[in-house]
Amino acid sequence: MVNIFKLIKKYQVIAVLGYQAGDEGKGKYIELLTPYCDIVARSGGGHNAGHTVELDTGEVFDFHLIPSGIIHDDKTFLMGPGMVIDPRSLVREINKLEEKNIRWNKLYISGDAVVITPDLVFLDRTKEKLLGKEKIGTTGLGIGDAYATLVNRNAIRINDLRNKDVFKEKLENRINDTIKMYINPNRENEKIWREIIEIMMKKDLKDFYDKRNFFNIDNMVDDYYDKSEKFKDNIRNVSQILNKAYKDKKRILFEGSQGVWLSVLHGTTRYTTSCSVGTGWLAEGAGFPAQLVDKVYGVIRCPIMNRVGNGPFPSEFGGKRSEEYCMEEGGFAHTKDKELKEYPDYIKLINSKDPFLRGIANRLKSGNFGTTTKRPRRVGRIDTVALKWAIELYGPDLLVTHLDDCNDTEEIEICTGYKYMGNRVENNGRIWEKGDIVDHFVIDSGFLYNCKPNIETMPGWKQDLAGIKNYNDFPPEARNLLKRVEELTNANINAVSFGSKRSDMVLR
Ligand code: IMP
């Protein structure tokens, strides 16, 4: 058994963040660290996140909203005010826990967290539809529109669900604005109107449609109130719990969601989620002083990283072709089953000369499909320019996942920089001309879409890593690769995982 305590040392407050585009495998480390902590807190995002945890028994758990350490049900789990919560999704997850006999009596939900109501889910999907090719490729779960209610100062909080009259009044006021902005202006356009109605006819929205008023507010209020009955006894002031726990010398683990590329502030604007993903947000979003976080670990996939949804990804295998392929029909044209049918002999393509095919082979080999939406994840080489950016923002301590993705790869590729291929542009006081080498990340998507990756190749290893117990037992090619990533980014790799089981990992 790996002595994971080495990662904890004397730290009382630890944060685990995603340093790439989400889906880095944070869940595995969170689950391993949880037994040594007293409290696990999530404070950003909503059910757009997806954390998969696989136990050595082969049992697999998917979490979206609830902190992924919950299988250790003797701990305290918090969902902070910085989260956006759809009570329907929360209840679904709680029911799943109950089916598996996992207790959730010590799961506390902030009464101040923002509620995702059906009108916000509708807005997310409608805006994406109207954007056509320019869409962001959101998860369609209302995440961005829920965060927008905070900024617009018309958010509905979990506490409001328990006070039906207040809830109804707030919802009515907000929905009036939606009707004015999105419903009324589009009624005249038959094509758009048909699409809008279609959105409301989907399974999770149709109960809230009303032919005359468009939204059935009473149904929303009643349904959400009923859902909140399930967790009403677990609604608390999360900040108070955390601050008391800190004073009582309890160990606190902040569980990050999404990753730096998706940060609304520092990510690849505008193809991001709608909250920040860093240490500051994690603390702020839980109502806890950020300066008390002792250690930040950033999780990365190495050497193959991924991205779900639209947005720039300079090191993607197959570039634009791959992005278009993965996002066809909103990402649902090539789900796992379909892609497997198309490429049954994918393993033979692992070392193909065509990077697009290599991408497909890698995705199928590592099962790289979204936990939340099941869409194919776009895959590419580890991008050390972007990684340097994450390290600049949140620190150099890395936890690596998915090293085994390249077990049979002859040549490993790393993206060490970009070549700017666009027109002259000014960015942060610097002038960029066609042909310039980019060695510092630029968050502007237009800029990144004009970047071609500089690729460095290193020899791979033809060995299964299963069973390795020490870092020094990795094949020399694997150690060289990790060392090179450290050199290029000035990082410290603290642990490396090479499989889904708990035992498939070593500490440095
Ligand atoms: P939203 O968060 O649903 O608004 O989606 C915005 C973008 O973030 C889309 O490209 C999503 O695919 C992506 N995204 C959101 N959450 C996650 C996550 O947990 N992992 C990976 N991608 C995510």
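Computed from a prediction, not measured in an experiment: that's the story for all the values here.

S.K.: Now, about the environment of V425: what can you tell me, with residues and values included?
M.R.: Tracing the chain through its elements places V425 in strand β18 (residues 425-427). If we skip the residues at most four places from it in the chain, V425 touches Y420, R430, I431, W432 and F447.

S.K.: How would you sum up the sheet that holds strand β23 (residues 505-507)? Please name residues and give values.
M.R.: Read across the sheet, ten strands follow the order β11-β7-β5-β2-β12-β1-β13-β16-β22-β23 without closing on themselves; strand pairing throughout is mixed. The sheet is open, and its two edges are formed by β11 (235-236) and β23, each paired on a single side. On the sheet, helix α1 (residues 26-33) packs against β1 (13-18), β2 (39-42), β12 (252-255), β13 (295-301), β16 (397-401), β22 (492-497) and β23 and is oriented at approximately 165° with respect to β1.

S.K.: Account for the environment of D112, with residues named and values stated.
M.R.: On the secondary structure map, D112 appears in the loop between β7 (107-110) and β8 (114-115). Each C-alpha atom, one on D112 and one on Y346, is 48 Å from the other, the two residues being 234 residues apart in sequence. In contact with D112, other than residues within four places in its own chain, are P81, R157 and N159. Polar side-chain contacts of D112 include one of 3.3 Å to the side chain of N159.

S.K.: Any chance you could break down the packing of aromatic side chains for me, citing the residues and the numbers?
M.R.: As enumerated under the stated definition, the model contains 20 aromatic pairs in all. Centre to centre, the rings of Y420 and F447 are 4.5 Å apart; their planes meet at 10°, and the pair counts as stacked. Taken together, the residues Y420 in strand β17 (residues 411-420) and F447 in helix α15 (residues 445-449) connect sequence positions 27 residues apart. Ring-pair connections join several aromatic residues into one group, and the members of that group are F122, W193, Y209, F214 and F215. A cation over a ring is seen here: R270 above Y271, with NZ or CZ 5.1 Å from the ring centre. In this arrangement the basic side chain of R430 is found over the ring face of W432, its NZ or CZ atom lying 3.9 Å from the centre.

S.K.: Provide a residue-level description of the state of the cysteines, including the pertinent values.
M.R.: Taken as a whole, this structure holds zero disulfides when the rule is applied. For C326, which is in no disulfide, the shortest distance to another cysteine sulfur is to C406 and amounts to 17 Å. We note that C415 lacks a disulfide partner, and the nearest cysteine sulfur, in C451, lies 9.1 Å from it. C415 gets classed as buried once you look at its relative accessible area, which sits at 0%.

S.K.: Which residues make up the nonpolar core, and what values do they have?
M.R.: Counting 79 residues, the largest nonpolar core has F214, F215 and F231 as the members making the most contacts within it. When neighbours within four sequence positions are excluded, F231 is seen to be in contact with P87, L90, V91, I94, W104, I109, I158 and L161. In this structure, A15, F254, A386 and I391 belong to the second largest nonpolar core, which totals 69 residues.

S.K.: I'd like to hear about the packing of helix α6 (residues 164-183) against helix α8 (residues 217-231), residue by residue, with values.
M.R.: Contact geometry for α6 and α8: axes closest at 10 Å, N-to-C directions at 135°. Relative to α8, the element α6 is oriented oblique. In this structure, α6 crosses over α8, and the sense of that crossing is right-handed. Counted together, K164, F167, K168, L171, E172 and I175 of α6 and I217, D218, M220, V221, D222, Y224 and Y225 of α8 form the full contact between these two elements.

S.K.: Can you tell me about the site of the ligand, naming the residues and giving the values?
M.R.: Around the ligand, the surrounding shell holds 17 residues, and the nearest of these are D23, N48, T139, T273 and R375. In this structure, D23 approaches the ligand through a side-chain N or O atom, which is 3.4 Å from a nitrogen atom. For the ligand, an oxygen atom lies 3.1 Å from a polar atom in the backbone of V308. Bound to the protein, the ligand loses 96% of the 470 Å² it would expose on its own. By residue class, the composition of the shell around the ligand is five nonpolar, ten polar and two charged.

S.K.: Quick one: what's the story with a negative patch on the surface, residue by residue and with numbers?
M.R.: Taken together, the side chains of E324, E328, E329 and E342 define an acidic patch exposed on the protein surface. For E342, the position within the fold is in helix α12 (residues 336-342).

S.K.: Could you give an account of the side chain of R301, naming the residues involved and the relevant values?
M.R.: Within the element layout of this structure, R301 appears in strand β13. Within the structure, the side chain of R301 is placed 3.3 Å from the side chain of H402, a separation counted as a polar contact.

S.K.: Tell me about the packing of helix α2 (residues 87-99) against α8, and name the residues and values.
M.R.: For the pair α2 and α8, the least separation of the axes is 9 Å and the interaxial angle reads 35°. The handedness of the crossing between α2 and α8 is left-handed. Counting all contacts with α2, which are made through P87, R88, L90, V91, I94, N95 and E98, the residues of α8 involved are D223, Y224, K227, K230 and F231. When its residues are assigned to classes, the contact of α2 with α8 shows six nonpolar, one polar and five charged.

S.K.: Explain a positive patch on the surface residue by residue, including any values.
M.R.: A cluster of basic residues, R92, K96, K100, K203, K206 and K374, forms a positive patch on the protein surface. With respect to the secondary-structure elements, K206 resides in the loop between α7 (190-200) and β9 (209-210).

S.K.: Account for helix α16 (residues 476-489), with residues named and values stated.
M.R.: Here α16 contains 14 residues, and its C-alpha end-to-end distance of 20 Å stays within 8% of the 20 Å for a straight helix at 1.5 Å per residue. Three or more residues of α16 are buried, namely A478, L481, L482, V485, E486, L488 and T489. As for α16, its buried residues are in contact with β15 (378-383), α14 (384-394), β16, β17, β21 (451-459) and β22. Once α16 ends, the next one or two residues include N490, with phi positive near 60°.

S.K.: Mind laying out the pairing of β1, listing which residues take part and the relevant values?
M.R.: With respect to burial, β1 is a largely interior element, six of its six residues being buried. Residues V13, A15 and L17 line one face of β1 and the alternating positions I14, V16 and G18 line the opposite face, and both faces are buried. Bridge analysis of β1 against β12 gives four bridges, and the strand direction is parallel. Note that in β12 the partner of V13 across the bridge is I252. In the sheet, β1 pairs with β13 via five bridges, with the strands oriented parallel. Its bridge partner being in β13, A15 is matched across the sheet by V296.

S.K.: Account for the pattern of salt bridges, naming residues and giving values.
M.R.: This model, assessed by the stated rule, comprises 34 salt bridges. Between D73 and R103 there is a salt bridge; the shortest N-O distance is 3.2 Å. One end of the pair, D73, is in the loop between β4 (60-63) and β5 (76-79); the other, R103, is in the loop between α2 and β7, with 30 residues separating them in the sequence. Note on D73: relative accessible area 16%, which makes it buried. Overall, R103 belongs to the partly exposed group, its relative accessible area being 46%. A salt bridge links R125 to D204, with the shortest nitrogen-to-oxygen separation between them at 2.8 Å. Here R125, found in helix α3 (residues 118-131), pairs with D204, found in the loop between α7 and β9; they are 79 residues apart in sequence, far enough to count as distant.

Rules used throughout
Residues numbered from 1 in each chain as written. Predicted model: local features only at pLDDT ≥ 70, side-chain atom pairs only at ≥ 80, totals over all residues. Heavy atoms only, no water. Helix = DSSP H or I, 4+ residues; strand = E, 2+ residues; numbered from the N terminus. Contact = heavy atoms within 4.5 Å. Pairing = 2+ DSSP bridges. Axes fitted to C-alpha atoms, helices over the stretch in contact; angles between N-to-C directions. Polar contact = N/O pair within 3.5 Å; in protein donor to acceptor, adjacent residues only side chain to side chain. Phe/Tyr/Trp six-rings, centres within 6.5 Å; stacked < 30°, edge-to-face > 60°. Lys NZ or Arg CZ within 6 Å of the ring centre and 35° of its normal. Disulfide = S-S within 2.5 Å. Buried < 20%, exposed > 50% of the residue type's maximum accessible area, 1.4 Å probe, protein only. Core = buried A, V, L, I, M, F, W, Y, C linked by side-chain atoms within 4.5 Å. Parallel < 35°, antiparallel > 145°, perpendicular 65-115°, else oblique. Left-handed = near helix turned anticlockwise from the far one by under 90°. Near = heavy atom within 4 Å. Areas by Shrake-Rupley, 256 points an atom, 1.4 Å probe, with all protein chains shown as cover. Nonpolar A, V, L, I, M, F, W, Y, C, P; charged D, E, K, R; others polar. Patch = residues over 30% accessible without salt bridge, like charges linked within 9 Å, V, L, I, M, F, W, Y side chains within 5 Å. Salt bridge = Lys/Arg side-chain N within 4 Å of Asp/Glu carboxyl O. Lys, Arg positive; Asp, Glu negative; His and termini not counted. Charge placed at Lys NZ, Arg CZ, Asp CG, Glu CD. Expected span 1.5 Å × (residues − 1).

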